[in-house]
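# Overview (structure and organization)
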Amino acid sequence: NAGVTQTPKFQVLKTGQSMTLQCAQDMNHNSMYWYRQDPGMGLRLIYYSASEGTTDKGEVPNGYNVSRLNKREFSLRLESAAPSQTSVYFCASSEFPGGGNQPQHFGDGTRLSIL
Amino acid sequence: AQTVTQSQPEMSVQEAETVTLSCTYDTSENNYYLFWYKQPPSRQMILVIRQEAYKQQNATENRFSVNFQKAAKSFSLKISDSQLGDTAMYFCAFILRTGNQFYFGTGTSLTVIP
């Protein structure tokens, strides 16, 4: 059972570089999410996709773009990386739009450092 | 707006003892779901327990139980017979029944002392 798979697990970028974080889930979930986790701030939602073909901004969307490529895949792109985007990024999925009583399933995270 | 507050950044407990982690939330809605997640040093996010707001009975999963006080908007997690493997960051989370977003607290770092 792969669940939610994120790639890469670690990445170091220079300021101004771009990159895409990949996320795929094999649970046939409708909803997918991208969070960033910073010390003392918990998990903050960047973007989410309630269902295939839709994306919406979360709490901290600035500097990021997303693509819901298909039902399985939801990518997060940093167009011009900044040191403030140094963080651990988590992708998650849940069965229904709105979640209901279904929990989110998380990937293992990507540790991203911007120099 | 929905918010989740965990007022204890760090806690510790002796092995085999009981510890309670606090969580409060704020919403004007009546139908929602609450969760506790555990994040060990491996960084994985693991669901510990869930509670439906319309259920008065507190949820229990083995050594983990909650004290859900809807009027007070409080959702605390009790860990009984603490084990070394319980050492982790614990996050309280909330979602409206009709919502699309989960809201997380800032976490409580729990250390179980041998």
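Residues numbered from 1 in each chain as written. Chains lettered and ligands numbered in written order. Predicted model: local features only at pLDDT ≥ 70, side-chain atom pairs only at ≥ 80, totals over all residues. Heavy atoms only, no water.

### Re the confidence of the model for chain B
Basically, it comes down to this: Each residue carries a pLDDT score, the predictor's own confidence in it, on a scale running from 0 to 100. Helix numbering and strand numbering both begin at the N terminus, where a helix is a DSSP run of H or I of at least 4 residues and a strand a DSSP run of E of at least 2.
Counting all residues, the mean pLDDT for chain B is 93, and 100% of those residues have values of 70 or more. Per-element mean pLDDT across chain B ranges from 90 in strand 11 (residues 103-104) of chain B up to 98 in strand 3 (residues 19-21) of chain B.

### A closer look at the nonpolar core
All names here are of chain B. Just so we agree on the cut-off: Throughout this description, the term nonpolar core refers to a set of buried Ala, Val, Leu, Ile, Met, Phe, Trp, Tyr and Cys residues connected via side-chain atoms within 4.5 Å. Buried, partly exposed and exposed residues are distinguished by accessible area as a fraction of the type maximum, computed with a 1.4 Å probe on protein chains only: under 20%, between the cut-offs, and over 50%, respectively. Pairs of residues are marked as contacts when any of their non-hydrogen atoms sit within 4.5 Å.
In this structure, Tyr25, Tyr32, Trp36, Phe75, Leu77 and Tyr90 are the most contacted members of the largest nonpolar core, which totals 26 residues. Those elements that place two or more of their residues in this core are strand 3, strand 5 (32-39), strand 6 (46-52), strand 8 (64-69), strand 9 (74-79), strand 10 (88-96) and strand 12 (108-113). Considering every element that reaches this core, the biggest residue donor is strand 10, with five residues. Beyond its immediate chain neighbours, meaning those up to four positions away, Tyr32 contacts Tyr25, Thr27, Gln51, Glu52, Ala53, Phe68, Lys70, Phe94, Ile95, Leu96 and Arg97.

### Considerations on the interface of chain B and chain A
Applicable threshold: Two parts placed together each lose some accessible area; with a 1.4 Å probe, that loss summed over both constitutes the buried area. Should a side-chain nitrogen of Lys or Arg be within 4 Å of a carboxyl oxygen of Asp or Glu, the pair is scored as a salt bridge. Whenever two N or O atoms come within 3.5 Å, that pair is a polar contact, provided that in protein one can donate a hydrogen and the other can accept it, and provided that, for residues adjacent in sequence, both atoms are side-chain atoms. Residue classes follow a fixed rule: Ala, Val, Leu, Ile, Met, Phe, Trp, Tyr, Cys and Pro count as nonpolar, while Asp, Glu, Lys and Arg count as charged, and any other residue, Gly among them, counts as polar.
Each side of the interface is counted separately: chain B has 21 residues, and chain A has 29 residues. Of the roughly 1900 Å² buried at the junction of chain B and chain A (both faces included), carbon and sulfur atoms supply 53%. Our enumeration of links across chain B and chain A arrives at zero salt bridges. For the pair chain B and chain A, the number of links is four residue pairs in polar contact (both at pLDDT 80 or more). Those elements that provide at least two residues to the side of chain B that touches chain A are strand 5, strand 6 and strand 10 of chain B. With four residues, the top contributor of residues to the side of chain B that touches chain A is strand 5 of chain B. Split into classes, the residues belonging to the side of chain B that touches chain A amount to ten nonpolar, seven polar and four charged.

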